[in-house]
Number of protein chains: 4
Amino acid sequence: MKTARLEAFSDGVFAIAITLLVIEIKVPEDTHDLAHKLLELWPSYLGYTISFLVIGLVWANHHAMFDHIAVADRMLLFLNTLLLLLVALIPFTAGVLASALRNGESERTAVVLYGVVLVAGGFPFNAIWEYARRDHRLLGPTITPKEAQAISRRFLLGPVLYGIGTALGALLPVLGIITFALLIPFYWLPPLLTRSRRGVAASDRPD
Amino acid sequence: MKTARLEAFSDGVFAIAITLLVIEIKVPEDTHDLAHKLLELWPSYLGYTISFLVIGLVWANHHAMFDHIAVADRMLLFLNTLLLLLVALIPFTAGVLASALRNGESERTAVVLYGVVLVAGGFPFNAIWEYARRDHRLLGPTITPKEAQAISRRFLLGPVLYGIGTALGALLPVLGIITFALLIPFYWLPPLLTRSRRGVAASDRPD
Amino acid sequence: MKTARLEAFSDGVFAIAITLLVIEIKVPEDTHDLAHKLLELWPSYLGYTISFLVIGLVWANHHAMFDHIAVADRMLLFLNTLLLLLVALIPFTAGVLASALRNGESERTAVVLYGVVLVAGGFPFNAIWEYARRDHRLLGPTITPKEAQAISRRFLLGPVLYGIGTALGALLPVLGIITFALLIPFYWLPPLLTRSRRGVAASDRPD
Amino acid sequence: MKTARLEAFSDGVFAIAITLLVIEIKVPEDTHDLAHKLLELWPSYLGYTISFLVIGLVWANHHAMFDHIAVADRMLLFLNTLLLLLVALIPFTAGVLASALRNGESERTAVVLYGVVLVAGGFPFNAIWEYARRDHRLLGPTITPKEAQAISRRFLLGPVLYGIGTALGALLPVLGIITFALLIPFYWLPPLLTRSRRGVAASDRPD
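All values derive from a computational prediction rather than experimental measurement.

About the criteria used
- Residues numbered from 1 in each chain as written.
- Chains lettered and ligands numbered in written order.
- Predicted model: local features only at pLDDT ≥ 70, side-chain atom pairs only at ≥ 80, totals over all residues.
- Heavy atoms only, no water.
- Least-squares fit on C-alpha atoms with pLDDT ≥ 70 in both.
- Contact = heavy atoms within 4.5 Å.
- Buried area = accessible area lost by both parts, 1.4 Å probe.
- Salt bridge = Lys/Arg side-chain N within 4 Å of Asp/Glu carboxyl O.
- Polar contact = N/O pair within 3.5 Å; in protein donor to acceptor, adjacent residues only side chain to side chain.
- Helix = DSSP H or I, 4+ residues; strand = E, 2+ residues; numbered from the N terminus.
- Nonpolar A, V, L, I, M, F, W, Y, C, P; charged D, E, K, R; others polar.
- UniProt positions renumbered as here; feature names shortened; annotations may be inferred.
- Buried < 20%, exposed > 50% of the residue type's maximum accessible area, 1.4 Å probe, protein only.
- 1 Å grid on protein atoms, 1.4 Å probe; cavity = no way out; pocket = protein on both sides within 12 Å on 5 of 7 lines; lining within 4 Å.
- Points joined across faces, edges and corners; volume = space filled by probe spheres on them.
- Axes fitted to C-alpha atoms, helices over the stretch in contact; angles between N-to-C directions.
- Left-handed = near helix turned anticlockwise from the far one by under 90°.

K.L.:
Explain the relation of the copies chain A and chain B here, please?
P.N.:
Turning one copy of the chain about an axis and sliding it along that axis gives the other copy, so a rotation and a shift relate them. Each copy of the sequence occupies a distinct position, and chain A is placed on chain B by a rotation of 90° and an axial shift of 0.0 Å, giving an RMSD of 0.0 Å. What the rotation and shift describe, once combined, is the action of a four-fold rotation axis. Rotation axis and chain A: the residue whose C-alpha lies nearest the axis is glycine 12 of chain A, separated from it by 4.3 Å. In this assembly, only 9% of the residues forming the interface of chain A have copies in chain B that are likewise at the interface, indicating a heterologous arrangement.

Structure below.
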């Protein structure tokens, strides 16, 4: 089974989940002193921005992963559906986070919920990659087993880091949010990634 | 007519229907004692999870089906639109189910409605396959008539099993929900499918 | 400019508009006597079904049209955007129609609004085809000018028929709804279309 | 990395953002004197129409841009995500604009917010192009550096013009709206663009 439709379907779910984030920013019905009302919505903007960049990041990593996965089977479709199930929950957890920040109440619970869903999403994400790369089963010739293992290590780091963010958020909500925000550039920044990838490539293909 | 755009359009509808499920989980406006309020939303999580996996499953089967359908005609587009019409209703029936479970009122009606839409969806789904495989009309060379018939039997089982779930749900709502939930791994699990498909392939191509 | 991305973008808008129809069927918050409450939602089901099949139909015709359009230019993108603008309005007009039928008030206005948007959509739809086929400018070799003209006639009939439905709806709302419903099988039914297309093909290519 | 999935994902986000605009036009629950109620929604129609054409325009320009971008890297994905983040905000700012116009209150704030998001979107849009064309890094052979520079100038003009519209809107809201509306045909109209592009092509390739 080719991966084209799996990618198209996943792109669709990612695109919808990321765009649905906007409907959690409620348009004020009453526009008296609108500037003030818009400023009060800052928790929604914060939740929107972090969540948009996080989903965009998961999409980019999904993209990178499926660049190397050549064929799909039924189990891969299932694991991918579990991943999408958790990604599609983010507009809800982002909404809860914004709601708690706006009310200044139960921020701890909201940050933990937000982090738990991110950590949980790491499980099917890593399961896809581990399942695909076992015995190089579903991988194509664009990658060596050693490179696949290096990517593995980087992917497995994800839920650990989000778990640390969640734990920090359980101590002090704002710390959790800052951690989630800082992980975005850490994972997006291309130089770091390129360097580590090149390092692997160099040690792997010495010619 | 090629099936590429039909598949892209269907992927879009599947992806949107599956992602829209999340907007039936309402973000609590009042976040006082948020943990408790979030726990009270369990019927929404249940409806979300079952419906996500069911739609994902229908998508996976749609994918498997169109792997063998080589050309489309106007009638196929029409039958496919009827299927999508019923799939796109699931966020509504899932919302009704969650609403009834939350209120502890009219669960029977909600479960039956949920099941009836699943059963109804089985009709256009099977109609697509029967229409495409009659005289091998729209099928490609990737499948033999005998294999197509074996798939037929498995597909026809779907609405029967969902019908049993609906009937059980009419007796005792929780039984219906359990049946719907159990059908998900039954249909997703790859070993079962692979085995039955191999059986067919073996009896079909004896060399 | 190739038409691939124009088709993908249009497929996306069609898929979203068609799936968004479901959010106009409001889930009852209060589930006491749910069966009765669900039955009272019949105008929403009616609006959903007609609108789903109409948008599906416009999509199928868009598909048929772009099977013959080989290249796109800026003007074509613009006309296509106008078409999508009107298609994406249908969830709104379907919601208004259901609302008026539910209240038993202002059905005339609602039916006329619904019809006017369908008629209006016929203008950019036909403009796309007329623009593309002038001097065979954007058409590919899959179609002769005479065949293109025959399709033209059939496409131009669309807004006329929807206009008649709208006028009948202005006299008696239920008549308008029946007309819109009847136009669906008339346009979807493949035998009629195949026959007329074959007729053209026969007279065009006498060998 | 190829640009196919980046384009598919972007098409998805554009398609969803453009179609979500319709859910800011609220269906009247009470349909007494519906015609009058529908007329009162004119600010929503205005916001819908302008925003639909603006997003469609950004999509068309994105399309034109990626016709020449042959490869993607991590940084390009990131810049593109920032662009989508701002595009997906438009249903919110369009809703705020319609709300303010309906209430006849705080129109200035709403117009400025609307314009600021458009101007802000110009930054990642231009960053994508500047990043891709530096040393012809990510561009394909379909374009010369000089042509890329000419496109640059036209793209850079966008945020300047929207900035002028925003400034005018800060003086007199209606002026801002008129400016945004006038920019649509200015940027969509194919003759102007074709002429300028041809001019460049002529001076670039003298044979």
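K.L.:
Looking at this structure, how should I read the interface of chain D and chain C?
P.N.:
By a widely used convention, the size of an interface equals the accessible area lost when the partners come together. Taken together, the contact pairs 41 residues of chain D with 35 residues of chain C. With both chains or domains summed, chain D and chain C bury close to 3,200 Å², and 71% of this area falls on carbon and sulfur atoms. Ranking the residues of chain D by area buried against chain C places Val27, Trp59 and Trp188 of chain D at the top, with a combined share of 18%. Linking chain D with chain C are 2 salt bridges, by the criterion used here. Notably, a salt bridge pairs glutamate 7 of chain D with arginine 5 of chain C, separated by 3.9 Å at the nearest N-O pair. There are 12 residue pairs in polar contact (both at pLDDT 80 or more) connecting chain D and chain C. Only α1 (4-20), α2 (34-40), α3 (42-66), α8 (173-188) and α9 (190-204) of chain D provide two or more residues apiece to the side of chain D that touches chain C. Of the residues in the side of chain D that touches chain C, the class split is 26 nonpolar, 8 polar and 7 charged.

K.L.:
When you look at the UniProt feature "transmembrane region" (unreviewed entry) in chain A in this model, what are you seeing that I'm missing?
P.N.:
All names here are of chain A. In the UniProt entry, the feature "transmembrane region" (unreviewed entry) is given for residues 45-64, 76-98, 110-129 and 160-188. Along residues 110-129 the backbone is 100% helical and 0% strand, and the end-to-end C-alpha distance reaches 30 Å. Taken end to end, residues 160-188 is 97% helix and 0% strand, and its two terminal C-alpha atoms sit 17 Å from one another.

K.L.:
Honestly, the side chain of threonine 3 of chain D in this entry has me stumped. Any pointers?
P.N.:
All names here are of chain D. Topologically, threonine 3 is positioned in the segment before α1. In this structure threonine 3 comes out as buried when scored by relative accessible area, which is 8%. Leaving out residues up to four positions away in the same chain, threonine 3 has contacts with Phe66, Ile69, Ala70, Val71 and Ala72.

K.L.:
Explanation requested: the layout of surface pockets in the structure shown.
P.N.:
To find leftover empty space, a probe the size of one water molecule is rolled over the atoms. Empty space within the second largest pocket amounts to approximately 1,200 Å³. As for the second largest pocket, its lining consists of 41 residues, and the residues nearest its centre are Ile23 and Lys26 of chain A, Lys26 of chain B, Lys26 of chain C together with Lys26 of chain D. Elements supplying a minimum of two residues to the lining of the second largest pocket: α5 (90-103) of chain A, α5 (90-103) of chain B, α5 (90-103) of chain C together with α5 (90-103) of chain D. Sort the elements by how many residues they give to the lining of the second largest pocket and α5 of chain A lands first, with 4 residues. For the lining of the second largest pocket, a count of residues per class yields 22 nonpolar, 4 polar and 15 charged.

K.L.:
Would you explain the packing of helix α3 (residues 42-66) of chain C against helix α8 (residues 173-188) of chain C in this entry?
P.N.:
The angle between the axes and the distance between the axes are what describe a pair of packed helices. Residues and elements named next belong to chain C. The geometry of α3 relative to α8 is characterised by a closest axis approach of 10 Å and an angle of 35° between their N-to-C directions. Seen from above, α3 lies across α8 with left-handed handedness. Facing Leu46, Ile50, Leu53, Val54, Gly56, Leu57, Ala60 and Asn61 of α3, the residues of α8 in contact are Ile177, Phe180, Ala181, Ile184, Tyr187 and Trp188. Of the residues belonging to the contact of α3 with α8, the class tally is 12 nonpolar, 2 polar and no charged.

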